[in-house]
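# Fold and contact review
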Amino acid sequence: MTEHSKYHRIIPHVFLILAIFIVVFPIFVVFIASTHTSAEILSAPMPLTPGDKFIENYSRALLEGSENMGASAVTMIKNSLIMALGIAFGKIIISLLAAFAIVFFNFPLKKFCFWSIFITLMLPVEVRIMPTYKIISDLGLLNTYSGLILPMVVSATAVFLFRQFFMTIPKEIVEASQIDGASPMRFFFKILIPMTRTPIAAMFVIQFIYGWNQYLWPLLITTKENYYTLLIGINRMLSGADVQIEWQIVMATTLLALIPPVVVVMIMQKQFVSGMTDTEK
Amino acid sequence: MVKQYEFPNKELPYLLVMPQMIIVFVFFFWPAAQAVWQSFFLQDPFGGRMIFIGFENYLKLFTDPEYWDSFGISSLFSVMVAFFSMVTALFLAVQANKKIRFASFYKTMMIWPYAVATMVAGVLWLFLFNPNVGIIAYALKHSWGIEWSHLLNSKHALLLITLAASWKQIAYNFVFFLAGLQSVPATLIEAAAIDGASHRRQFWQIIFPLISPTSFYLLVMNLVYAFFETFPIIHQVTEGGPGKSTSILVYKVWRDGVVNLDLGSSAAQSVTLMILVIALTVLQFRFIERKVNY
């Protein structure tokens, strides 16, 4: 119907390829740097073709870590993974339960609970760091996994997403389960959870990434190297004079920090996009 | 909305919401209340004495030119990040939404940076612009004679954090704009094309008004992102410097509280920020209720 001139067909490709180049370029450079020696990176300009130190750098990053820090990437990957999975599963479980209570029951404090959860949407960690830090330290949870995970587990978005989904479930299904004599918890586990698979998957992707990428909170409460997450480790490796920074190790660790969430998004792109755009409403 | 079936149980729902409510109270309301409480006191950083001083922390804060500087920088930074990342994302979403080959490949390639941590985005661009090893810093120096130094030049510093923060946010905006564009009925566009409207007119007079709710939502989300969630970039790339030229509000709260141990002032700043977030969220919801356009 509209013009099909060559010009109009090529232009979008040009812009999109350019955009992809800008998106990929920094990561490409980081990858290149992670395959060279420190000296090669420091000799300006840095080479733009892969070097031969790939295995050496990555095995050092994974098993020993940078010289100015005592934590290896394996330890940090473990910590990041525990934190990300803890946050993702924690959020999903408590949000499913809360949304189930809010949608399928009528109780006097329902409105109050709903609004209390809703308001947390408005209080990002960044604005309440000091008092939250104090509570965690009073509870003796500094340098623990619980301390890393618990304050991040509340999720207004997950409660809303599940609530919205639960509202769309036909009443007849619930009534049928009642005629069969199923208890509310039986209904929850046997019927509701299996029906909610897709929103749960979407939430999992979003919350896993959220947990993996947390920075300020672990920065505050982890002072022991064996509780560092990858991002905190990278920060520590970079805080020193330029000459001491082992760029090749830092860059290898950066790539290790970047790959897991990216892979999760790429594999579950569909669920992820629908989950993100659904919570908007 | 249609009411969902309701189970008759009286105690069970309390048990079900309990975990969520405990965490909400212990980690949200309690710290928020503490922040409000502490903001009225002068506090010894090593525990012990607290002296009630009323609104003095706020008074000191609002008469401190440094605070207003920080506010100004945060606003400038947020507006730049929101502008760059939204305009770029909308433009690219329009391109990717055309009926072209490889469209789904392009989409995937645009979406994945969402998964890159804000902090990692900071490290990536820091590495490219590092005056000693950065490949872009090298190119700037040898091709254009620009001596890049974000640790000494505050314009460079602001530019670098804006670049890193926008780069990371494009993917998020792209996802929403693309969803918005896909919901514009194709029949409307075809009708306009038959009437002879140019591509430009189709976009500005049909598509753009129809996606205005998405745009508004994204505007608020981008401002919130730049104001509150870019702490990792600032902390990693500039540490608020040179001087205090990139010390945005969230960074200042952290610095005053964690590094300088000025708990009263840090609490007053936290409370001010909370009010700001609440205002933004309320604004968001009032507009969503009105649906902006349609």
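Residues numbered from 1 in each chain as written. Chains lettered and ligands numbered in written order. Predicted model: local features only at pLDDT ≥ 70, side-chain atom pairs only at ≥ 80, totals over all residues.

Further remarks concern the overall build of chain B. Check the secondary structure of chain B and you find 13 helices and two strands. When the backbone C-alpha atoms are referred to their principal axes, chain B occupies close to 75 × 75 × 30 Å. Taken across its 294 residues, chain B has 43% of its residues classed as buried. Considering only contacts within chain B whose residues lie at least 6 apart along the sequence, 70% involve residues at least 24 apart. (Helix = DSSP H or I, 4+ residues; strand = E, 2+ residues; numbered from the N terminus. Buried ≥ 20, exposed ≤ 12 C-beta atoms within 10 Å, placed from the backbone. Contact = placed C-beta atoms within 7 Å.)

In this section: the overall build of chain A. For chain A, the count of helices and strands is 15 helices and zero strands. Projecting the C-alpha coordinates of chain A onto the three principal axes gives extents of approximately 75 × 70 × 35 Å. Per-residue burial for chain A yields a buried fraction of 47% across its 281 residues. Across chain A, the fraction of contacts at a sequence separation of at least 24, relative to all contacts at a separation of at least 6, is 75%.

Attention now goes to the interface of chain A and chain B. Contacts between the two partners involve 80 residues from chain A and, on the opposite side, 76 residues from chain B. Across the side of chain A that touches chain B, the residue classes break down as 62 nonpolar, 12 polar and six charged. (Nonpolar A, V, L, I, M, F, W, Y, C, P; charged D, E, K, R; others polar.)

The N-to-C vectors of helix α1 (residues 6-33) of chain A and helix α4 (residues 103-111) of chain B enclose an angle of 30°; their axes lie 10 Å apart at closest approach. By the angle between their directions, the pair α1 of chain A and α4 of chain B is classed as roughly parallel. The interaxial crossing formed by α1 of chain A with α4 of chain B has left-handed handedness. For the pair α1 of chain A and α4 of chain B, contact is made by L16, A19, I20 and V23 of chain A and by Y106, M109 and M110 of chain B, respectively. Taken together, the residues that form the contact of α1 of chain A with α4 of chain B break down as seven nonpolar, no polar and no charged. (Axes fitted to C-alpha atoms, helices over the stretch in contact; angles between N-to-C directions. Parallel < 35°, antiparallel > 145°, perpendicular 65-115°, else oblique. Left-handed = near helix turned anticlockwise from the far one by under 90°.)

Looking now at the nonpolar core. In this structure, A98 and F100 of chain A together with W125, A164, F174 and V175 of chain B are the most contacted members of the largest nonpolar core, which totals 169 residues. At 17 residues, the largest contribution of residues to this core is made by helix α4 (residues 73-104) of chain A. Non-local contacts of V175 of chain B, meaning those with residues more than four positions away in its chain, are made with V273, M276 and T277 of chain A together with I111 and Y114 of chain B. (Core = buried A, V, L, I, M, F, W, Y, C linked by C-beta atoms within 7 Å.)

This paragraph deals with the confidence of the model for chain B. Residue and element names in this part refer to chain B. Summary statistics for chain B give a mean pLDDT of 84 and a share of 96% for residues scoring 70 or more. Here strand β1 (residues 41-43) stands out as the element of chain B with the lowest mean pLDDT, 78, in contrast to helix α3 (residues 65-96), whose mean of 92 is the highest. As scored by the predictor, the complex reaches a pTM of 0.87 and an ipTM of 0.85. (pLDDT = per-residue confidence, 0-100.)

Moving on: helix α11 (residues 231-238) of chain B. Most of α11 of chain B sits inside the fold, with eight of its eight residues counted as buried. Along α11 of chain B, the residues classified as buried are F231, P232, I233, I234, H235, Q236, V237 and T238 of chain B. Those residues of α11 of chain B hidden inside the fold are in contact with α12 (216-221) and α13 (230-238) of chain A together with α5 (118-129), α7 (154-182), α10 (212-229) and α12 (249-259) of chain B. At the C-terminal side of α11 of chain B, E239 of chain B shows a positive phi close to 50°.

A separate point is unusual backbone geometry. Residue and element names in this part refer to chain A. Unusually for a residue other than glycine, N143 sits at a positive phi of about 55°. For N143, the position within the fold is in the loop between α6 (129-138) and α7 (145-149). When the 15 C-beta atoms within 10 Å are taken as the criterion, N143 is described as partly exposed.

With respect to the secondary-structure elements, K78 of chain A resides in helix α4. Separated by 14 residues in sequence, K78 of chain A and I92 of chain A have C-alpha atoms that sit 21 Å apart.

This part is about the packing of α1 of chain A against α3 of chain B. Viewed as axis vectors pointing N to C, α1 of chain A and α3 of chain B meet at an angle of 130°, and their least axial separation amounts to 9 Å. Judged by the inter-axis angle, α1 of chain A sits oblique to α3 of chain B. For the element pair α1 of chain A and α3 of chain B, the recorded crossing hand is left-handed. Across the interface between the two elements, P12, F15, L16 and A19 of chain A from α1 of chain A touch L92, Q95 and A96 of chain B from α3 of chain B. Class assignment for the residues of the contact of α1 of chain A with α3 of chain B results in six nonpolar, one polar and no charged.

Looking now at the confidence of the model for chain A. The share of residues in chain A with pLDDT of 70 or more is 94%, and the mean pLDDT across the chain is 84. In the model of chain A, helix α15 (residues 269-279) of chain A stands out as the element of lowest mean pLDDT, 76, in contrast to α4 of chain A, which has the highest, 92.

Mapped onto the elements of the fold, V154 of chain A is located in the loop between α7 and α8 (156-167). Overall, the presence of 28 C-beta atoms within 10 Å leaves V154 of chain A in the buried class. Filtering out sequence-adjacent residues up to four positions away, V154 of chain A remains in contact with T120 of chain A together with Q20, I23, V24, F27 and F28 of chain B.

This part is about the environment of F25 of chain A. Residue and element names in this part refer to chain A. Within the secondary structure, F25 is located in helix α1. Residue F25 is classed as partly exposed on the basis of its 14 C-beta neighbours within 10 Å. On a C-alpha basis, the gap between F25 and S80 in space is 26 Å, while along the polypeptide they are 55 residues apart.

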